[in-house]
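As a plain string of letters, each chain reads:
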Amino acid sequence: MATRHDTAAPPVKEGGAAPGRPPGAPTEAEQRHRARLSRRWQRDKRWSPYAFVSPFFLLFLAFGLFPLVYTGWASLHQVELTAPTDMTWVGMRNYTRIFDDDFFWNAAKNTLTIGIISTVPQLLMAMGLAHILNYKLRASTFYRVAMLAPYATSIAAASLVFVLLFGRDYGMINWALHFVGIDAIDWQNDKWPSQIAVSSIVIWRWTGYNALIYLAAMQAIPQDLYESAALDGASRWKQFLHVTLPSLRPTILFTVVVSTIGASQVFGEPLLFDANKGASGGAEHQFQTLGLYLYEQGWVNQHLGRASAIAWTMFLILIVVGIVNYVISRRLRASS
């Protein structure tokens, strides 16, 4: 005979039935912990990029923006390096004195001529070297690293070596010129020879750097263009003129602008090339650049206000160069 067993129902709390927590479900404390972690992750995701780039902005404020603002303010005052806090308001007087100063215009002309003498051969040689390195050569990595060796060399060491090479009495350059019937040249005291000598230091230092920039741009040119030109019967030279150069126009413009900016700031080479080791750029200021003129006014003559005005004048010149670069680049993009 079957026996019936009745089971008692579980007790029900007041306010309705409350089913039990499913197995594996997080407790209320775990849910609060996960919520805190989620909020922390959201804050970290939002503010971490600013924390990563903040060192740059802090260094820029300390060593970039503050000196720029301070020199701009000092350029409107008469202030000496020995008493930088003792300022006398003079307005635009420092700027007007600069434009009436023959030494400033002499430095500007020297900067222009040295920039042309150094930039044009430098970029032409860099283009030729990049074109050679663009072919498959043995030990190509060695040649590319060798291109950067002058750039990695100290300016002081390179300038001192060039001083020995261009020595009037015992220099190797005059020794070589003697064999072709050319008399000894006073490279440090004559105007044009001294500017050529200073430009040769700049050329030696920056040619390899620009060559690698051109090489990187050449390797980005599609090979299909060269194959199509070869099928049409174009020689290597015509391929270079009609394929390589048009493709390198933005890169050429970039290197021209960067080299122009660098030429306007040439300082170490003429300073160390001077036989008197001063900031005058030779006995007759024959190779004094704007950088040397700025240094002479600020740290030799200790006229901080005039030096600040020169610095801002150079800054405005660079802005003009940047605007010209922008206009030319826009026209090149429109034409292409």
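Basis of the calculations
What you see as residue numbers is a count from 1 along each chain, following the sequence as written. Confidence filtering applies because this is a predicted model: local features only for residues at pLDDT of at least 70, side-chain atom pairs given and counted only at 80 or more, and all residues used for totals across whole chains, interfaces and linings. Heavy atoms throughout the structure, all of them, feed into the side-chain values; hydrogens and water do not. Stacked, edge-to-face and tilted are the three classes for Phe, Tyr and Trp ring pairs, Trp counted by its six-membered ring, which pair at centre distances within 6.5 Å; planes under 30 degrees apart are stacked, over 60 edge-to-face, the rest tilted. The secondary structure listing takes helices from DSSP runs of H or I that are at least 4 residues long and strands from runs of E that are at least 2 residues long, numbered from the N terminus. Each residue carries a pLDDT value, the predictor's own confidence for that position, ranging from 0 to 100. Whether two residues are in contact is decided by their heavy atoms, any of which lying within 4.5 Å being enough. Working definition of a nonpolar core: buried Ala, Val, Leu, Ile, Met, Phe, Trp, Tyr and Cys residues. They are joined through side-chain atoms within 4.5 Å. Per-residue accessibility, obtained with a 1.4 Å probe over protein chains only, is compared with the maximum for each type, and a residue is labelled buried under 20%, exposed over 50%, and partly exposed between these values. Pairs of N or O atoms are called polar contacts if they sit within 3.5 Å, as long as, within protein, a hydrogen donor faces a hydrogen acceptor (for residues adjacent in sequence, only side-chain-to-side-chain pairs). Taking the helix axis as origin, the arc is that swept by the directions to the C-beta atoms. Between Lys or Arg on one side and Asp or Glu on the other, a salt bridge is scored when a side-chain nitrogen of the former is within 4 Å of a carboxyl oxygen of the latter. Two strands are counted as paired when DSSP detects at least two bridges linking them.

Using the criterion set out here, one finds 23 aromatic pairs in the structure. Ring geometry for Trp312 and Phe315: centres 5.3 Å apart, planes at 75°, overall edge-to-face. In this pair, Trp312 and Phe315 are both assigned in helix H13 (residues 304-335), 3 residues apart and thus about one turn of the helix distant. Put simply, the rings of Phe162, Phe166, Trp187, Trp204, Phe273 and Phe287 pair up and form one aromatic cluster.

Quick look at the confidence of the model for the protein now. Counting all residues, the mean pLDDT for the protein is 85, and 91% of those residues have values of 70 or more. Counting contacts from residues 1-9, a segment whose pLDDT is below 50, to residues more than four positions away or on other chains yields 0 contacts.

A separate point is the nonpolar core. Membership of the largest hydrophobic core comes to 17 residues, with the highest contact counts inside it found for Met127, Ala130, Tyr214, Met218, Ile221, Val243 and Leu248. Looking at this core, the elements that each hand over two or more residues are helix H3 (102-133), helix H7 (191-219), helix H8 (223-231) and helix H9 (236-247). When near neighbours in sequence (up to four residues on either side) are disregarded, Ala130 contacts Ala211, Tyr214, Leu215 and Met218. Of all hydrophobic cores here, the second largest spans 12 residues; its members include Leu76, Ile98, Phe104 and Ala307.

Here we take up the side chain of His285. By the secondary structure assignment, His285 is in the loop between helix H11 (268-273) and helix H12 (290-300). There is a polar contact of 3.2 Å between the side chain of His285 and the side chain of Gln288. Leave out the neighbours within four places in its chain, and His285 touches Phe103, Asn106, Asn110, Ser280 and Glu296.

A separate point is helix H5 (residues 155-165). The set of residues buried in H5 consists of Ala158, Ser159, Phe162 and Val163. Relative to the axis of H5, the buried residues are bounded by an arc of 140° and lie together on one face. Where the residues of H5 are buried, they touch H7 and H11. Between the side-chain oxygen of the N-cap and the backbone nitrogen of Ala156 there are 3.3 Å, and the N-cap of H5 in question is Ser154.

For the rest of this paragraph, the subject is the pattern of salt bridges. A complete count under the given rule lists 3 salt bridges for this structure. A single salt-bridge network, built from bridges that share partners, covers Arg168, Asp169 and Asp186.

Turning our attention to the pairing of strand E1 (residues 77-80). Regular strands place their side chains on alternate faces of the sheet. Of the two faces of E1, only the one carrying His77 and Val79 is buried; Gln78 and Glu80 on the other face are not. Taken together, the 3 bridges between E1 and strand E2 (residues 83-89) define a ladder with antiparallel strand orientation. Bridged to Gln78 within E2 is Thr88. Hairpin connection, E1 to E2: the antiparallel pair is bridged by 2 residues.

Attention now moves to the environment of Tyr143. Structurally, Tyr143 can be placed in helix H4 (residues 140-152). Among the residues examined, Tyr143 registers a relative accessible area of 38% and is labelled partly exposed. C-alpha of Tyr143 to C-alpha of Gly208: the two residues are 65 residues apart in sequence and 10.0 Å apart in space. Residue contacts for Tyr143: discarding those within four places in its chain leaves Leu133 and Arg138.

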